[in-house]
Each structure stands twice: as structure tokens, then as C-alpha cells.
Amino acid sequence: MLMYMSNIRQETPSTPLHSVSVAGVVVREDGRVLTIKRADNGTWEPPGGVLELTEAPEDGVRREVYEETGVKIRVDRLTGVYKNTARGIVALVFRCRVEGGNEQLSDESAAVEWFTPDEVASRMAEVYAVRVTDALLDGAPRVRTHDGRKLS
């Protein structure tokens, strides 16, 4: 068996690399959710980005949300894991709450707004809206895959 596994490793091309991103679904006391309009493509999304190599996921969420929105957060819990099969990105999404700061724009955000859950459904692409919807639910984290546009 060991010899067989060794042969498979030699014959199989190397495993593709994935990047890991984090996003924060920041929920205010009134139930509105912090969103950004990305400066590069104009889509509405929860704030987030690539996790740095030496960074813990919760630290990455705090950093990304603050960099993109000026809002300081407390991370409550992991609410979902999402794989973009087209781009090889695994996103960890966390439900968060506001701890301070003030909304401001950044190089990455053309707008920062607080959406109602209905606005999330109508203004965000399905693959991002589902992350917010999942974060607003109780229970175990959801695990989903998509191709960058549609859920699988």
C-alpha cells in the first residue's frame, strides 16, 4: 500500500494552492449589516480580504474590517466557510459586532453603508448575500461552494 501511495504522488500533478480570505458580517444593534462597495469592481460585499500568512483568522477579520471601513469590531463566531472553485479562494466568514470607530472610505471601498437584510438580498450578488444571510442565522457554520457567481 505504501508503495502504491508513493507512485500516486509521483504521477499526480502537484496540488493547486488556495488562498484564504476572511470577511466580517458586522451587525449593529438595529440589525443593519456593514457593507462596502468595492472600489475595484463596484460590487457590494461584507468587508474582508486575504488573510496574511502569520495572522490568526480573527485578527485578520478585525484588520480587514478596520482598514476598509474605519469600524472597530469584536468577532463573535465563525458562521461559514465558502469555496470559490473558479479562483481557488476559501473564505472564512465571521459574525461580528461594533466596538468603536467611525465609517470612512479607503482605497478598497468606494462606499460604506449599513444595509437591512432585505437590502443585502437585493443589492448584493448571491455569493455574498448568502454569507450575510448565513451569518444572521443561529447554529453551526455553513459550508458552501460556488463558481464566483452562483452557488453549487
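Visitor: Go over the overall build of the chain, please, and point to the residues and values.
Guide: The secondary structure content of the chain amounts to four helices and eight strands. For the chain, the succession of helices and strands along the chain, N to C, is α-β-β-β-β-α-β-β-β-α-α-β. Principal-axis analysis of the C-alpha atoms gives the chain an extent of 60 × 35 × 30 Å. Burial status across the chain gives 36% buried among its 152 residues. Restricting to contacts in the chain with at least 6 residues of sequence separation, those with at least 24 account for 65%.

Visitor: How would you summarise helix α2 (residues 57-69) if you had to cite specific residues and measurements?
Guide: Helix length check: α2 (13 residues) gives 18 Å between terminal C-alpha atoms against 18 Å at 1.5 Å per residue, within 8%. Among all positions in α2, only G60, V61, R63, E64, V65, E68 and T69 are buried. Buried positions along α2 lie against β1 (19-26), β2 (33-38), β4 (48-50), β5 (71-84), β6 (89-101) and β7 (109-115). Looking one or two residues past α2, G70 carries a phi angle of roughly 80°, positive in sign.

Visitor: Residue-level account of the layout of surface pockets, with values.
Guide: In this approach a probe as big as a water molecule rolls over the atoms, and the regions it shows empty are the leftover space. Approximately 490 Å³ is the volume found for the largest pocket. Looking at the lining of the largest pocket, the elements that each hand over two or more residues are β1, β4, β5, β6 and α4 (126-136). Among the elements that make up the lining of the largest pocket, the one with the highest residue count is β1 (four residues). Residues belonging to the lining of the largest pocket are distributed by class as follows: nine nonpolar, nine polar and six charged.

Visitor: Tell me what's going on with the sheet that holds β7, and back it up with residues and numbers.
Guide: Taken together, three strands build an open sheet; the order of strands is β3-β2-β7 and the sheet is antiparallel. Looking along the sheet, the strands with just one partner apiece sit at the ends: β3 (44-45) and β7. Two elements, β2 and β7, share six bridges in a ladder whose sense is antiparallel. Bridge pairing in β7 places L34 opposite W114. Sitting on the sheet, α2 is in contact with β2 and β7, with an inclination near 65° to β2.

Visitor: Describe the environment of R131, naming the residues involved and giving the relevant values.
Guide: Along the chain, the position of R131 falls in helix α4. A residue is classified by how much of its surface remains accessible, and R131, at 9% relative accessible area, is buried. Along the primary structure R131 and S21 are separated by 110 residues, whereas in three dimensions their C-alpha atoms are 13 Å apart.

Visitor: Which residues make up the confidence of the model for the chain, and what values go with them?
Guide: Residues of the chain with pLDDT of at least 70 account for 91%, and the chain-wide mean is 91. Considering only residues more than four positions removed or in separate chains, one finds that residues 1-9, a stretch of pLDDT under 50, has zero contacts.

The rules behind the values
- Residues numbered from 1 in each chain as written.
- Predicted model: local features only at pLDDT ≥ 70, side-chain atom pairs only at ≥ 80, totals over all residues.
- Heavy atoms only, no water.
- Helix = DSSP H or I, 4+ residues; strand = E, 2+ residues; numbered from the N terminus.
- Buried < 20%, exposed > 50% of the residue type's maximum accessible area, 1.4 Å probe, protein only.
- Contact = heavy atoms within 4.5 Å.
- Expected span 1.5 Å × (residues − 1).
- 1 Å grid on protein atoms, 1.4 Å probe; cavity = no way out; pocket = protein on both sides within 12 Å on 5 of 7 lines; lining within 4 Å.
- Points joined across faces, edges and corners; volume = space filled by probe spheres on them.
- Nonpolar A, V, L, I, M, F, W, Y, C, P; charged D, E, K, R; others polar.
- Pairing = 2+ DSSP bridges.
- Axes fitted to C-alpha atoms, helices over the stretch in contact; angles between N-to-C directions.
- pLDDT = per-residue confidence, 0-100.

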